[in-house]
Amino acid sequence: HVVMLAELNHRVKNTLATIQALARHSRKSAPSLDAYVHSFEQRIHAMAASHNLLTDTAWETVDLQTLAEEQLRPYAGGEH
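As the structure is a computational prediction, the values presented were derived from the model and not from experiment. (Residues numbered from 1 in each chain as written. Predicted model: local features only at pLDDT ≥ 70, side-chain atom pairs only at ≥ 80, totals over all residues. Heavy atoms only, no water.)

Draft legend 1. Geometry of the confidence of the model for the protein. For the protein, mean pLDDT is 83; residues scoring 70 or higher make up 92% of the total. Of all helices and strands in the protein, the one with the weakest mean pLDDT is helix H3 (residues 64-72) (79), whereas helix H1 (residues 2-28) scores best (90). (pLDDT = per-residue confidence, 0-100. Helix = DSSP H or I, 4+ residues; strand = E, 2+ residues; numbered from the N terminus.)

Right, here's the structure in full:
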């Protein structure tokens, strides 16, 4: 149980650190609360798209162009 709890704790801390970084970066470029929320949502969608690409390929290889397109799609008004 101790090893499992330690691993879970580690993963949760990493996830929270990532969310904190996304929030911090979104705040830097947002002139208003609405802009902040929009920027934060775009960043979350971009990360989720990248994660989906990696899991769909079993973390082996992903075409760099495809990865870049997925990262930029939320900023271009594409589907989430």
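Draft legend 2. Looking closely at the packing of aromatic side chains. By the definition in use, this model includes one aromatic pair. Geometrically, the ring pair formed by Tyr36 and Phe40 is stacked, given 6.0 Å between the ring centres and 20 degrees between the ring planes. In this pair, Tyr36 and Phe40 are both assigned in helix H2 (residues 33-56), four residues apart and thus about one turn of the helix distant. For Tyr36, a relative accessible area of 24% translates into the label partly exposed. (Phe/Tyr/Trp six-rings, centres within 6.5 Å; stacked < 30°, edge-to-face > 60°. Buried < 20%, exposed > 50% of the residue type's maximum accessible area, 1.4 Å probe, protein only.)

Draft legend 3. Looking closely at the environment of Ala6. Here Ala6 shows up in helix H1. Measuring from C-alpha to C-alpha, the distance between Ala6 and Ile44 comes to 26 Å, with 38 residues separating the pair along the chain.

Draft legend 4. Here's a closer look at the side chain of Ser50. Tracing the backbone through its elements, the reader meets Ser50 in helix H2. Ser50 gets classed as buried once you look at its relative accessible area, which sits at 11%. Excluding residues within four positions of it along the chain, Ser50 makes contact with Leu67 and Gln71. (Contact = heavy atoms within 4.5 Å.)

Draft legend 5. Region of the structure containing the packing of H2 against H3. At their nearest, the axes of H2 and H3 sit 7 Å apart, and the two run at 150 degrees to each other. Taken together, the axis directions place H2 and H3 in an arrangement best described as roughly antiparallel. Helix-helix and strand crossings are classified by hand; for H2 and H3 the assignment is right-handed. Where H2 approaches H3, its residues Ala46, Met47, Ala49, Ser50 and Leu53 are matched on the opposing element by Thr66, Leu67, Glu70 and Gln71. Tallied by class, residues from the contact of H2 with H3 come to five nonpolar, three polar and one charged. (Axes fitted to C-alpha atoms, helices over the stretch in contact; angles between N-to-C directions. Parallel < 35°, antiparallel > 145°, perpendicular 65-115°, else oblique. Left-handed = near helix turned anticlockwise from the far one by under 90°. Nonpolar A, V, L, I, M, F, W, Y, C, P; charged D, E, K, R; others polar.)

Draft legend 6. Representation of the pattern of salt bridges in the model. Applying the stated criterion across every chain, the model contains one salt bridge. With a shortest N-O distance of 2.6 Å, Arg11 and Glu7 are connected by a salt bridge. Of this pair, Arg11 and Glu7 are both found in helix H1, four residues apart, which corresponds to roughly one turn of the helix. By relative accessible area, which is 54% here, Arg11 ends up exposed. Owing to a relative accessible area of 36%, Glu7 belongs among the partly exposed residues under this scheme. (Salt bridge = Lys/Arg side-chain N within 4 Å of Asp/Glu carboxyl O.)

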